[in-house]
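Examination of the molecular architecture
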Amino acid sequence: MSDLLKMTATEARNSLLKKEISSVELLNAYQNAMEKTEALNNYVTPTLDAAKQMAVNADKAYAQGNAGPLAGLPIGVKDLFCTKDIETTACSAILKGFLPSYESTVTSNIWHSGGVMLGKLNCDEFAMGSSNETSIFGPAVNPWSKIDGIDLSSGGSSGGSASSVAAGSALMSLGTDTGGSIRQPAAFCGVVGLKPTYGRCSRWGIVAFASSLDQAGPFTRTVEDSALIFSVMAGHDPKDSTSASLGYTNFSEAVKSNIEGLRIGIPAEYNVDGMDIEISDLWKKGRAWLEQAGAKIVDINLPHTKYALPCYYIIAPAEASSNLARYDGIRYGKRIEAETLDAMYEATRADGFGEEVQRRILIGTYALSAGYYDAYYLKAQQVRRLIKEDFEKAFNDVDVILTPTTPTPAFPLGAEVSDPITMYLNDVFTVPANLAGLPGISVPAGLSNQGLPLGLQLLAPPFEEGRLFSVANAIEKQAEFLLAPARAAGDLQ
Amino acid sequence: MSILVSGRTGDWEIVIGMEVHAQVVSNSKLFSGSSAVFGASPNNHVSLVDAAMPGMLPVINGQCVKQAVLTGLGLNAKINKFSVFDRKNYFYADLPQGYQISQFKHPIVGEGEVQIELSDGNIHKVGIERLHLEQDAGKSLHDQHPSKSYIDLNRSGVALMEIVSKPEMHSAEQAAAYIKKLRSILRYLGTCDGNMEEGSLRADVNVSVRKPGEALGTRTETKNLNSVRFIMQAIEFEVHRQIELIEDGGEVIQETRLFDTATGMTRTMRGKEDAHDYRYFPDPDLLPLTFDDAFIEELKDGMPELPDEIKNRMVNEYGLSSYDANVLIEERETALFYELASDGRDRKITANWMSVELFGALNKAGIELAQSPVKPKQLGGLVDLISDGSISGKIAKEVFSAMFETGKDAKVIVEERGLKQVSDESAIISMIDEVLAANLDKVDEYRGGKEKLFGFFVGQVMKASKGQANPGMVNQLLKQKLDI
Amino acid sequence: MSVDKNVVKKISRLARIHVSEERSEMLSSDLGNILNWIEQLEEVNTDGVEPLSGVNEHPLAWRDDTVTDGDITDKVLKNAPEKAGEFFVVPKVIE
Ligand SMILES: [Mg+2]
Ligand SMILES: [Zn+2]
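Residues numbered from 1 in each chain as written. Chains lettered and ligands numbered in written order. Predicted model: local features only at pLDDT ≥ 70, side-chain atom pairs only at ≥ 80, totals over all residues. Heavy atoms only, no water.

All right, on to helix H10 (residues 277-292) of chain A then. All names here are of chain A. Helix length check: H10, at 16 residues, gives a terminal C-alpha distance of 23 Å against a target of 22 Å (1.5 Å per residue), a fit within 8%. Regarding H10, the residues found buried are Glu278, Ile279, Ser280, Leu282, Trp283, Gly286, Trp289 and Leu290. Among the structural elements, strand E7 (263-267), strand E9 (400-404), strand E10 (440-447), strand E11 (453-459) and helix H17 (465-479) are those in contact with the buried residues of H10. (Helix = DSSP H or I, 4+ residues; strand = E, 2+ residues; numbered from the N terminus. Expected span 1.5 Å × (residues − 1). Buried < 20%, exposed > 50% of the residue type's maximum accessible area, 1.4 Å probe, protein only. Contact = heavy atoms within 4.5 Å.)

Below, the structure is given as structure tokens:
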């Protein structure tokens, strides 16, 4: 049974096809792992009864020879995806007890392909955070070793999604990425995290944070697994006007593509102040690996990189301030009773939203309000265009861009909560891709001096996820990264 | 055009602008697939999108886009091939998203123009500033519970066109003419049913006053007026309130006001301490709305004739009076009925018969034109019998009543009842002879100079013919006989 | 940009979030710091740059005008904190 947790999704899929293992066995192993890693606080709502039924169905499908591409594979879901009749909270007090009568398009796609739902995973409240510490359930903990006896952050906002895959309590998981919420926790936890092109996956049924930036994506242990699940997640959805009308692609082929002759861009501006030396060393290593694999390294410039974060911290809160207006205590979620309607709104929202969420709503409200719109919101939109144009120019000369995923490895819980700006700086390398709508992937590539995982990020032009998979695969091969967090379940240790 | 109102300190000019919300005729809502039809049980015509459940997204209804463009064409307005949906952010119990999806900086329709005709026959042009698409809100019921309001989201998300006029009206009469004309155009186009009672068409009226030649005064906005009468009352009230206020040394405050239908007065809206700051920004769930010239051309080709055009033809080609034409073009159904009924025959006589007899009968019976037992071709048939002298006008009235009662053709009724007009000269002469023979004394009086008696003879002959004698011939022949 | 307590009051009111006197103090410094940091955007020359609100390049797709949804009153009301019959219920609103 312990071997089951070691399998990648692709391996498990092959064993299931060959009937060497059953879906129910696989689920049992993961159920066990979920219990053992409870202290990591990854699952906010386990759904093991549903999982059991889904595993039984998957085994039937294998027996009948009509098993979908994800049949029997245990998958965890960030608690930002609405799941039918299963509590969906966005890890916020304001949505406590909310039972959607609908299933998000992306999760629907997963279940239709036979995926087995393990439960809802911890995240920052409304996906606003980079450490999972804004969750009403408390932070999801990084399974890698503690530092000085203090738990490490799993990153955020999709901390539970990253941590569970690293800890072996989910084979794969779903997250969302608005400014780095998939790639940063993936880097912190030592797993593969993909943020697809904006418009690639439907946003329908996902609790919105910043609509023009949000994208769903998978966490996996390997690049190959990422391509497997992403092929199922992606696709046009007429219910989402921003979803691109592209047909089905099987990305598994792309993983194996040769990268010889590909041009890899190294943006000078990503050498930021305060970047750990071990991070820049890793970046150099990545560059060397790709060169060895036959790629051509090209130095490029993305001159507006520095402004991506402040630009993001106008646009995302502005959209959020409006997206979160619907949490008003009338149709669902929490309500604090009061005499008047306005008093009810104000009490409900003050009580229901956590501090960081309130801060962002207020910043966003400010940026959109009369007299400040031009100086903040409009300015940010203009800078956003310049950032996008930087990439467009760069992609004239290169096929893929290589950067570190984060400026530091995972930090201890509580280390950065007090200062919002320090926390925001975590996303310095990831935010530009969201502003420009580009696909990005974080691949675990090495360990810090303290033995913590570090990730490299690859960015590609819109809808070139296939290219990302090929290059990520090359890095994965050369890095020979060993996923061995101290606090993983069973033999993953 | 200056219409002045006199106050204690001299004359005042009134400036009125209107924002009209017109519900788009469509099956489903602007951004969701639930029904846009009025009158369901509470919260039944509501989808998860309309209720703003987490993660729900808007998808635009193409028909509503067409309707907006069609309306823009009907208003002789500039159609914008690129427009943007914005969010207008504010909290209200019947606004589930916490924002209304509307169009702010880039509306689908730009400047246009509506012609209104005033009671003195003068034509006045009212500029259209813009038309944009937006969502309606739900409904709050405040009278169901002593301390609670009840919320019904059936209307939430229904498509509205907000049509904004320029401040180019100067009296309640003009404002009334404008809303009537707008309603008529919308109904001709089939883009809004114009039902003001059900709220399909409602107006926010901006009123200010100024001394002639001075800069615009501060305006107030009276919201949600759903009848022409209320619009006029609200304007009259505001005009006098503002003039008195200023003349008493006060100042008009720019504010939103409510109209009390019971008293005919406007009053300031409570909770106004809330300075409105709608924080408009482009809705990131939607992309810009775009279409090409071919799309516009196709709609243009399928456009029905509008009242102005039809009226022109009625007056200039058919020779109708402006008044008669106005009666006939008020509703598209009426104009179509008339065109069919009058086609190929005397337009004026048909117009007369339609606006006097037919409308009178419909009114009396309390039914709509669509239910009329007399169809256009049948009315035309009656006119034909009058024109070719088969029946007299008087008989025609009788025939019409029978047609209205039975739904039969005029010809059939005339035959069945033997009502055909007698135009046989010898038959009429013999009737005249009989009448004169029976009234020799009066014949003498007439010949002695009492010419008034001529009418008496005509009446007697007509009576003898049971009304069927051709009155023209009776006149002519009587004269010949008497004036020997 | 310094954000004084009046500004905090104004925007928290717009956002319908109750802010206590003491939190208002803290928020005004928090928001002030964040906005100061954001103001580095002023260094960027954006003359003549068209604002960008989304990255999609496909045109907005239109739906057919058919009724495909609604008639799910139970689902719509299911999660409501307070309801009466088929209505949502809120504290009385006085216009
Ligand atoms: Mg208005
Ligand atoms: Zn409006």
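Attention now goes to the coordination of the zinc ion (ligand 2). Residues and elements named next belong to chain B. The coordination sphere of the zinc ion (ligand 2), as far as protein atoms go, consists of His21 (NE2), Glu134 (OE) and Glu162 (OE), spread over 1.9 to 2.1 Å. Each donor residue of the zinc ion (ligand 2) lies on the same chain, and together they follow the pattern H-x112-E-x27-E. Separating the zinc ion (ligand 2) from the magnesium ion (ligand 1) is a distance of 5.3 Å. Remark: Glu162 occurs in strand E10 (residues 159-165) and Glu134 occurs in strand E7 (residues 123-135); sequence separation between them is 28 residues. Note on Glu134: relative accessible area 3%, which makes it buried. (Donors = N, O, S within 2.8 Å, 3.2 Å for Na, K, Ca; no water.)

So, on to the side chain of Thr73 of chain C. Relative to the helices and strands, Thr73 of chain C is located in helix H3 (residues 73-77). A residue is classified by how much of its surface remains accessible, and Thr73 of chain C, at 11% relative accessible area, is buried. Excluding residues within four positions of it along the chain, Thr73 of chain C makes contact with Pro42, Asn43 and Asn44 of chain B together with Glu86 of chain C.

Time to look at the interface of chain B and chain A. Chain B puts 31 residues into the contact, and the matching count from chain A is 41 residues. In total, about 2800 Å² of surface goes out of reach between chain B and chain A, with carbon and sulfur atoms giving 57% of it. Counting across the chain B and chain A interface gives one salt bridge. For Asp285 of chain B, the salt bridge identified is with Arg203 of chain A, shortest N-O distance 3.1 Å. Seen at the junction of chain B and chain A, the total is 17 residue pairs in polar contact (both at pLDDT 80 or more). Looking at the side of chain B that touches chain A, the elements with two or more residues in it are strand E4 (86-89) and strand E15 (281-282) of chain B. For the side of chain B that touches chain A, the per-class residue count stands at 21 nonpolar, four polar and six charged. (Buried area = accessible area lost by both parts, 1.4 Å probe. Salt bridge = Lys/Arg side-chain N within 4 Å of Asp/Glu carboxyl O. Polar contact = N/O pair within 3.5 Å; in protein donor to acceptor, adjacent residues only side chain to side chain. Nonpolar A, V, L, I, M, F, W, Y, C, P; charged D, E, K, R; others polar.)

Looking now at the sheet that holds E4 of chain B. Overall, antiparallel pairing links the three strands, which are arranged E5-E4-E15 (chain B) in an open sheet. Each edge of the sheet is formed by a strand with only one pairing partner; in this case those strands are strand E5 (99-102) and E15 of chain B. Sheet analysis places E4 of chain B next to E5 of chain B, joined by four bridges and oriented antiparallel. Bridge pairing in E5 of chain B places Arg87 of chain B opposite Ile101 of chain B. Here helix H11 (residues 308-323) of chain A sits on the sheet and contacts E4, E5 and E15 of chain B; the angle it forms with E4 of chain B, its principal contact strand, is near 60°. (Pairing = 2+ DSSP bridges. Axes fitted to C-alpha atoms, helices over the stretch in contact; angles between N-to-C directions.)

Moving on to the coordination of the magnesium ion (ligand 1). Each protein donor to the magnesium ion (ligand 1) is listed here as Glu19 of chain B (OE), Asp204 of chain B (OD) and Glu221 of chain B (OE); together their distances run 2.0 to 2.6 Å. The sequence motif formed by the donor residues of the magnesium ion (ligand 1) is E-x184-D-x16-E.

Attention now goes to the interface of chain A and chain C. On the side of chain C, 51 residues touch chain A, which itself brings 66 residues to the contact. The contact between chain A and chain C buries some 5300 Å² in all, and 64% of this surface belongs to carbon and sulfur atoms. Remark: the boundary between chain A and chain C carries eight salt bridges. Across the pair Arg13 of chain C and Asp342 of chain A runs a salt bridge, and its minimum N-O distance is 3.1 Å. There are 28 residue pairs in polar contact (both at pLDDT 80 or more) connecting chain A and chain C. Going through the elements one at a time, H11, helix H12 (341-352), helix H13 (355-368), helix H14 (374-397), helix H15 (420-424) and helix H16 (431-436) of chain A are the ones with two or more residues in the side of chain A that touches chain C. The dominant element in the side of chain A that touches chain C, judged by the number of residues it contributes, is H14 of chain A, at eleven residues.

Further remarks concern the packing of H11 of chain A against H14 of chain A. All names here are of chain A. At a closest axis distance of 9 Å, the pairing of H11 and H14 adopts a crossing angle of 125°. Our classification of the angle between H11 and H14 gives oblique. Remark: the crossing between H11 and H14 carries left-handed chirality. On the side of H11, the interface is formed by Ala308, Cys311, Ile314, Ile315 and Ala318, while H14 contributes Tyr376, Tyr377, Ala380, Gln381, Val383, Arg384 and Ile387. For the contact of H11 with H14, the class distribution of residues is ten nonpolar, one polar and one charged. (Parallel < 35°, antiparallel > 145°, perpendicular 65-115°, else oblique. Left-handed = near helix turned anticlockwise from the far one by under 90°.)

Attention now goes to the pairing of strand E4 (residues 172-177) of chain A. All names here are of chain A. Within E4, six of the six residues are buried, which leaves the element mostly enclosed by the surrounding structure. Of the pairings in the sheet, the one linking strand E2 (residues 74-78) to E4 comprises three bridges and is parallel in character. By the bridge assignment, Gly76 is partnered in E4 with Ser173. When E4 meets strand E6 (residues 215-220), the two strands line up antiparallel, connected through five bridges. Across the sheet, the residue bridging to Gly175 is Gly217, located in E6.

Any link to function would need more than the numbers given here.
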